[in-house]
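# Structure assessment
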Protein chains: 2
Amino acid sequence: MVRWEGGARERLQAAALRLFVERGYDGTTVADVADAAGLTERTFFRHFTDKRDVLFAGQEEFEQSYLEPLARAEGDAMSRVLAAVDAAAARFPDERRPWSRLRQTVIDADPRLRERELLKLSLLSEAIAGRLRAEGVEPVPAALAAENGVAVFRIAFASWIAAGETRSLQDLQAEVLARLRSLLGA
Amino acid sequence: MVRWEGGARERLQAAALRLFVERGYDGTTVADVADAAGLTERTFFRHFTDKRDVLFAGQEEFEQSYLEPLARAEGDAMSRVLAAVDAAAARFPDERRPWSRLRQTVIDADPRLRERELLKLSLLSEAIAGRLRAEGVEPVPAALAAENGVAVFRIAFASWIAAGETRSLQDLQAEVLARLRSLLGA
């Protein structure tokens, strides 16, 4: 990271997303993105490994936003995962919703990007399950707790970015969780 | 499908899997696969769209093996999805286990193949949820029932292909489901 490029990363992300929406993902090159952000390709590649990475950078930070509250949470595996999912919703404040909506539009339009998005969530699920196993939780309950936590996030997130939705991600997750409990209860 | 190529599809799949394991996925070409199966590239492309498709062909049939029992099942959305998952386990008899193990080895070794595998399961989940919505189930419970059904399959399947595992997929799914109920019950 170079000090005088302050904000370069964010400028590149904003420019890329705008171009992906306007010209399509395939119709946009790294050079186009750098140009639109008023930066060089060299600078682009200091921040991202390739064009796709603009949409998927920050996997480790994404996982940490779940693993940190998971480490602090108490109770059984499922309760802890759900507490972590609840805490991680803070990553998506309302001001981020327009960006998330646009990003999803771009991803939904390209099967390769959809696959990459699924990998992102699958890696999150594996990271959570791996942490639980490291603490002695058996593999099947660890995987189930992680999969359900990620499913609650994914389903609530789809509602959160739907047109006209105004409720917070945290509230939507709480609703999805309540439905999950009632579906599997009794 | 051409009558005198009977078995061509299966021969191509077996040859491809063997080569992927021996030489790696990237080290194997469509020409290699056709050669090893004693067939032409032209025949290969009558059965598969590309090299990757050898590992992922049959998505529609895969989805149908869930959607058909889903249509016959009775009860609420969750019970019906779980009945469908139980019935679809018949797709994976014990004699298929060695093939499934090898296939997973190949997929786990390549992030692009892992992404494609995730898409396969995500498409299944969407197909199940879509069918439920078409019958009047609300979107969130439809998605939750579908996601949980697929999670039960995925987690049980990982156990089924683990080294030394001898229980049937159906039995393993029943165990995973029992754990799921106890995790979310109370």
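The rules behind the values
Residues numbered from 1 in each chain as written. Chains lettered and ligands numbered in written order. Predicted model: local features only at pLDDT ≥ 70, side-chain atom pairs only at ≥ 80, totals over all residues. Heavy atoms only, no water. Helix = DSSP H or I, 4+ residues; strand = E, 2+ residues; numbered from the N terminus. Buried < 20%, exposed > 50% of the residue type's maximum accessible area, 1.4 Å probe, protein only. Areas by Shrake-Rupley, 256 points an atom, 1.4 Å probe, with all protein chains shown as cover. Lys, Arg positive; Asp, Glu negative; His and termini not counted. Charge placed at Lys NZ, Arg CZ, Asp CG, Glu CD. Contact = heavy atoms within 4.5 Å. Buried area = accessible area lost by both parts, 1.4 Å probe. Salt bridge = Lys/Arg side-chain N within 4 Å of Asp/Glu carboxyl O. Polar contact = N/O pair within 3.5 Å; in protein donor to acceptor, adjacent residues only side chain to side chain. Nonpolar A, V, L, I, M, F, W, Y, C, P; charged D, E, K, R; others polar. 1 Å grid on protein atoms, 1.4 Å probe; cavity = no way out; pocket = protein on both sides within 12 Å on 5 of 7 lines; lining within 4 Å. Points joined across faces, edges and corners; volume = space filled by probe spheres on them. Core = buried A, V, L, I, M, F, W, Y, C linked by side-chain atoms within 4.5 Å. Expected span 1.5 Å × (residues − 1). Least-squares fit on C-alpha atoms with pLDDT ≥ 70 in both. Phe/Tyr/Trp six-rings, centres within 6.5 Å; stacked < 30°, edge-to-face > 60°. Lys NZ or Arg CZ within 6 Å of the ring centre and 35° of its normal.

Of regular secondary structure, chain A possesses 10 helices and 0 strands. Element order for chain A, N to C, with α for helix and β for strand: α-α-α-α-α-α-α-α-α-α. Across its three principal axes, chain A shows a C-alpha extent of roughly 55 × 35 × 30 Å. The burial tally for chain A puts 51% of its 186 residues in the buried class. Carbon and sulfur atoms make up 51% of the accessible area of chain A, which amounts to about 8900 Å² in all. Once the 26 positive and 29 negative side-chain charges of chain A are each reduced to a mean point, those two points are 2 Å apart.

In this section: the interface of chain A and chain B. Between chain A and chain B, the residue contacts involve 30 residues of the former and 29 residues of the latter. Taken together, the two surfaces of chain A and chain B that pack against each other cover about 2900 Å², and 65% of this comes from carbon and sulfur. Contact with chain B buries surface across chain A, with Glu115(A), Leu183(A) and Leu184(A) losing the most and accounting together for 24% of the total. Two residues, Glu138(B) and Arg179(A), come together in a salt bridge whose shortest N-O distance is 3.6 Å. Seen at the junction of chain A and chain B, the total is 7 residue pairs in polar contact (both at pLDDT 80 or more). Every element with two or more residues in the side of chain A that touches chain B is listed here: α8 (111-134), α9 (139-160) and α10 (169-184) of chain A. For the side of chain A that touches chain B, the element with the most residues is α9(A), which contributes 11 residues. A per-class count over the side of chain A that touches chain B returns 16 nonpolar, 3 polar and 11 charged.

Below, the discussion takes up the environment of Ser182(B). Residue and element names in this part refer to chain B. Within the fold, Ser182 resides in helix α10 (residues 169-184). For the pair Ser182 and Lys120, spaced 62 residues apart in sequence, the C-alpha to C-alpha distance is 28 Å. Here Arg179 takes part through its backbone oxygen, which lies 3.2 Å from a polar atom of the side chain of Ser182.

Within the structure shown, the criterion is met by 1 cavity of 30 Å³ or more. As a volume, the largest cavity reaches approximately 180 Å³. Around the largest cavity sit 15 residues that line it, and Leu118(A), Glu147(A), Arg154(A), Glu147(B) and Arg154(B) are the ones nearest its centre. Put simply, the parts of the chain that give the lining of the largest cavity at least two residues each are α8 and α9 of chain A together with α8 (111-134) and α9 (139-160) of chain B. Of the residues belonging to the lining of the largest cavity, the class tally is 7 nonpolar, 4 polar and 4 charged.

Core analysis: the largest hydrophobic core is formed by 79 residues, its most contacted members being Ile128(A), Phe153(A), Ile128(B) and Phe153(B). Looking at which element gives the most residues to this core, the answer is α9(B), with 13 residues.

A separate point is helix α7 (residues 97-108) of chain A. Residues and elements named next belong to chain A. Counted at 1.5 Å a residue, the expected span for α7 with its 12 residues is 16 Å, and the 16 Å between its end C-alpha atoms agrees. Within α7, burial applies to Arg97, Ser100, Arg103, Gln104, Val106 and Ile107. At its buried positions, α7 is contacted by α1 (8-23), α4 (53-56), α8 and α9.

The periodicity of an α-helix, 3.6 residues per turn, causes residues three or four places apart in sequence to face the same way. Residues and elements named next belong to chain B. Between its terminal C-alpha atoms helix α1 (residues 8-23) stretches 22 Å, which fits the 22 Å expected from 16 residues at 1.5 Å a residue. Buried residues of α1: Ala8, Leu12, Gln13, Ala15, Ala16, Leu17, Leu19 and Phe20, and no others. Buried-residue contacts for α1 involve α2 (30-36), α3 (41-47), α4 (53-56) and α7 (97-108).

Another aspect to go through is the relation of the copies chain A and chain B. In the superposition of chain A on chain B (RMSD 0.0 Å, axial shift 0.0 Å), the rotation amounts to 180 degrees. What we have between these two chains is a two-fold relation.

For the rest of this paragraph, the subject is the pattern of salt bridges. Applying the stated rule across the entire model yields 28 salt bridges over all chains. For the salt bridge of Arg114(A) with Glu126(B), the shortest nitrogen-to-oxygen distance reads 2.9 Å. Of this pair, Arg114(A) sits in helix α8 while Glu126(B) sits in helix α8, each in a different chain. Judged by its relative accessible area of 24%, Arg114(A) is partly exposed. For Glu126(B), a relative accessible area of 42% corresponds to the partly exposed category.

We now examine the packing of aromatic side chains. All names here are of chain A. Scanning the entire structure with this criterion turns up 22 aromatic pairs over all chains. Ring plane angle 65 degrees and centroid distance 5.0 Å describe the contact between Phe20 and Tyr25, whose orientation is recorded as edge-to-face. Relative accessible area serves as the criterion here: at 11%, Tyr25 is assigned to the buried category. Through pairs of rings, three or more aromatic residues link up here, namely Phe62, Tyr66, Phe92, Phe153, Phe157 and Trp160. Over the ring of Phe56 we find Arg103, and its NZ or CZ is 5.1 Å from the ring centre. A cation sits over an aromatic face here: Lys120 above Phe62, 4.6 Å from the ring centre.

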